[in-house]
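Analysis of the macromolecular model
Here are the chains, one letter per residue:
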Amino acid sequence: MVKVDLNCDLGESFGAYTIGMDEKVIPLISSCNIACGYHASDPLVMQKTVAMARDAGIGIGAHPGYPDLMGFGRRNLNVSPAEAGAYITYQLGALHAFAKAAGVRISHVKPHGAFYNMAGKDYALALAIAKAVQAFDPSLILLGLYGSESIRAAEDIGLPAAREVFADRAYMPDGSLMPRNQEGAVIHDEDEAIRRVIRMVKEHKVTACDGKDIEIVPDSICVHGDNVKALAFVTQIRSALEAEGAAVTPLSEVLRDR
């Protein structure tokens, strides 16, 4: 039986501002990536999201981003590898505190937004992130884009790595995500998202923006929590995966049996 993780970026509300439908999404996923206060979230939101994930029995991941609340962490920043590593350590420490207080542990780390995309193409940045994660806890899994420098860097230093694919994002011919400022970068059609996910899981292929197929092998499928269709996507994607005989399981279990 094929096993795959279904994850969602959550805990991205901030103060009086609510983003996403975390309470409804959490029961339908197997892992979550919780914002750590730099691109989104605040202490109360982090505490609440960790508790909800614990009660649902799903994998808890840290979702560290660039220090860019106004840009939601989606603007490219010019940071040194040393700064990048420190950003990771700082945010891991914050989420770890809430996880420890709730009696659970962090299982994985997934950088957010521009941090994630830049590391996917910049080996020095990816290596700084991987080393920071490893120094914090070498058992943590680094979740990165399939075929990216993030995965290569983690594997080079012996850090567990999981390959992520996206249900609601379009792909460039090189396997990177289409920039959000381009038309069609974000997929809103539920049927299209489901078709793409099932093909990625069964055939290890996805159609890029130029109409050609590229290879893609998923350990984990992401749906963005701030997508207006997030709840519909996770509901229908999970049902479709199970109908195809795939088991939706936490990331740690997927890697154990890979």
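For the structure itself, consult the block above.
Points about the environment of Val-248
Of note, Val-248 is situated in strand β10 (residues 247–248). Note on Val-248: relative accessible area 11%, which makes it buried. Apart from residues lying up to four places away in sequence, Val-248 is in contact with Val-4, Leu-6, Ser-30, Arg-238, Leu-241 and Glu-242.

Remarks on the side chain of Arg-196
For Arg-196, the position within the fold is in helix α7 (residues 190–203). Among buried charged residues, Arg-196 stands out as having no salt bridge; its nearest opposite-charge side chain is Glu-192, 4.3 Å away. Within the structure, Arg-196 has its side chain in polar contact with the backbone oxygen of Arg-169 (distance 3.5 Å). In contact with Arg-196, not counting residues within four places along its chain, are Arg-169, Ala-170, Tyr-171, Ile-187, Val-206 and Thr-207.

Observations regarding the packing of helix α4 (residues 113–121) against helix α5 (residues 123–136)
Packing of α4 against α5 brings their axes to within 6 Å, and their N-to-C directions diverge by 120°. Considering how the two elements wind past one another, α4 and α5 form a crossing that is left-handed. In this structure, α4 contributes Phe-115, Met-118, Ala-119 and Lys-121 to the contact, and α5 contributes Tyr-123, Leu-125, Ala-126 and Ile-129. For the contact of α4 with α5, the residue count by class is seven nonpolar, no polar and one charged.

Some remarks on the nonpolar core
Ile-29, Val-133, Tyr-171, Ile-221, Ile-237 and Leu-241 are the most contacted members of the largest nonpolar core, which totals 78 residues. Core analysis: the second largest hydrophobic core is formed by five residues, Ile-141, Leu-143, Ala-162 and Leu-251 among them.

Description of a nonpolar patch on the surface
A cluster of nonpolar side chains, Phe-14, Tyr-17 and Leu-69, forms an exposed patch at the surface whose accessible area comes to about 330 Å². Note that Phe-14 resides in the loop between β1 (3–10) and α1 (22–25).

Reading the values: rules and limits
Residues numbered from 1 in each chain as written. Predicted model: local features only at pLDDT ≥ 70, side-chain atom pairs only at ≥ 80, totals over all residues. Heavy atoms only, no water. Helix = DSSP H or I, 4+ residues; strand = E, 2+ residues; numbered from the N terminus. Buried < 20%, exposed > 50% of the residue type's maximum accessible area, 1.4 Å probe, protein only. Contact = heavy atoms within 4.5 Å. Lys, Arg positive; Asp, Glu negative; His and termini not counted. Salt bridge = Lys/Arg side-chain N within 4 Å of Asp/Glu carboxyl O. Polar contact = N/O pair within 3.5 Å; in protein donor to acceptor, adjacent residues only side chain to side chain. Axes fitted to C-alpha atoms, helices over the stretch in contact; angles between N-to-C directions. Left-handed = near helix turned anticlockwise from the far one by under 90°. Nonpolar A, V, L, I, M, F, W, Y, C, P; charged D, E, K, R; others polar. Core = buried A, V, L, I, M, F, W, Y, C linked by side-chain atoms within 4.5 Å. Patch = residues over 30% accessible without salt bridge, like charges linked within 9 Å, V, L, I, M, F, W, Y side chains within 5 Å. Areas by Shrake-Rupley, 256 points an atom, 1.4 Å probe, with all protein chains shown as cover.

Geometric descriptors of this kind do not, in isolation, establish any biological role.
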